[in-house]
Each structure stands twice: as C-alpha cells, then as structure tokens.
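Coordinates in review
Next come the chains, spelled out residue by residue.
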Amino acid sequence: GLSTATPAASMGVAAAGPPLSELATSESIAESGILDDEEVKAKLIALLPEGQKNEAMLRETLRSPQVVQCLKSLTAALVRDDGSLDGLNSVLANFDLKAEDGAASIARGN
C-alpha cells in the first residue's frame, strides 16, 4: 500500500515541525505572555540599537519583515529538504555547541 509517512519519518529521522516564522509570530509572542516578564523584556530591549531601546520598538521589531525573514533563514539552515533536522548539527558546530545538549528536546519534538 501507499505510505503516508513523511520521508524523514520513514527513514527513522526526527521530522521538523512548522517553520519558525509560523511559530514565532507577533500574535503567538503576545499570547505567550513572554513580554510580560520584565526581565526577559529588559534583556531583549538591551539588544536593540541605540535610540530604539524601548518597548514600542521591541514590539515593532518583532513584527518586522526582517525578523520573519531571519526566522525563515534559520529554519532553512536547521531543516533539510527531506524534513530532517540534520542541518542542526552544522549550526551547533558553527557556534561550538554540543548537539547532545538539545537531543532530549528534539526527541520530544521541541
């Protein structure tokens, strides 16, 4: 019969979920309440350019097409065409991080 499994799943490889640009929308960020945490908000605002270090600019930046494009690029770097997360190892290696540190999270589908 015909298999309904994705190519990645049929090869025993963890398949990726939706693209980051669909998960980290400005709406989902607002609904998550993460920006209600003053410590998180302060850390994010500190990363903004001089003259833009305020909550309004943070919210505007998170809605920007540039952030959406960056999330799409990151997804493309992490996920191969077959849906596997093999690109993750390359990204981790570039940042001198250990793949096993995130393996449990990936196994849970995170």
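Structural data are supplied above this passage.
The following paragraphs examine the structure supplied in this document.

Regarding its fold elements, the chain presents 8 helices and 0 strands. Reading the chain from its N terminus to its C terminus gives the helix and strand order α-α-α-α-α-α-α-α. When the 110 residues of the chain are sorted by exposure, 16% land in the buried category. Look at the contacts in the chain between residues 6 or more apart in sequence, and 45% of them connect residues 24 or more apart. Accessible surface for the chain amounts to roughly 7,900 Å². Of this, 57% is attributable to carbon and sulfur atoms.

Next up on the list: the environment of Thr25. For Thr25, the location among the structural elements is in the loop between α2 (20-23) and α3 (26-32). In sequence terms Thr25 and Leu62 are 37 residues apart; their C-alpha atoms lie 8.0 Å from each other.

Here helix α7 (residues 86-94) has its buried residues at Gly87, Leu88, Val91 and Leu92. Viewed end-on, α7 has its buried residues packed into an arc of 140°, placing them on one side of the element. Backbone geometry just downstream of α7 places Asp96 in the positive-phi region, at approximately 55°.

As a volume, the second largest pocket reaches approximately 200 Å³. Taken together, Ala24, Ile29, Ser32, Ile34, Leu35, Leu44, Leu62, Val67, Cys70 and Leu71 make up the full set of residues lining the second largest pocket. Sorting the residues of the lining of the second largest pocket by element identifies α3 and α6 (65-78) as the ones contributing at least two each. Broken down by element, the residue count for the lining of the second largest pocket peaks at 3 residues, all from α6.

Before going further, it helps to spend a moment on the pattern of salt bridges. Overall, the coordinates contain 5 salt bridges when judged by the stated rule. For Glu50, the salt bridge is made with Lys53, and the minimal N-O distance between the two is 3.6 Å. Judged by relative accessible area, Glu50 falls into the exposed class, the value being 69%. Two residues, Glu55 and Arg59, come together in a salt bridge whose shortest N-O distance is 2.9 Å. Of the two residues, Glu55 and Arg59 are both situated in helix α5 (residues 55-63); the distance of 4 residues between them amounts to about one turn of the helix. Classification of Glu55 as partly exposed rests on a relative accessible area of 33%. If you follow the salt bridges from partner to partner, you end up with Glu38, Lys41, Glu55 and Arg59 in one network.

Along the chain, Leu62 falls in helix α5. Through-space distance from the C-alpha of Leu62 to that of Ala24 is 8.9 Å; in sequence the pair is 38 residues apart. Aside from chain neighbours lying at most four places away, what touches Leu62 is Ser26, Ile29, Leu35 and Val67.

Calculation criteria
- Residues numbered from 1 in each chain as written.
- Predicted model: local features only at pLDDT ≥ 70, side-chain atom pairs only at ≥ 80, totals over all residues.
- Heavy atoms only, no water.
- Helix = DSSP H or I, 4+ residues; strand = E, 2+ residues; numbered from the N terminus.
- Buried < 20%, exposed > 50% of the residue type's maximum accessible area, 1.4 Å probe, protein only.
- Contact = heavy atoms within 4.5 Å.
- Areas by Shrake-Rupley, 256 points an atom, 1.4 Å probe, with all protein chains shown as cover.
- Arc of directions from axis to C-beta.
- 1 Å grid on protein atoms, 1.4 Å probe; cavity = no way out; pocket = protein on both sides within 12 Å on 5 of 7 lines; lining within 4 Å.
- Points joined across faces, edges and corners; volume = space filled by probe spheres on them.
- Salt bridge = Lys/Arg side-chain N within 4 Å of Asp/Glu carboxyl O.

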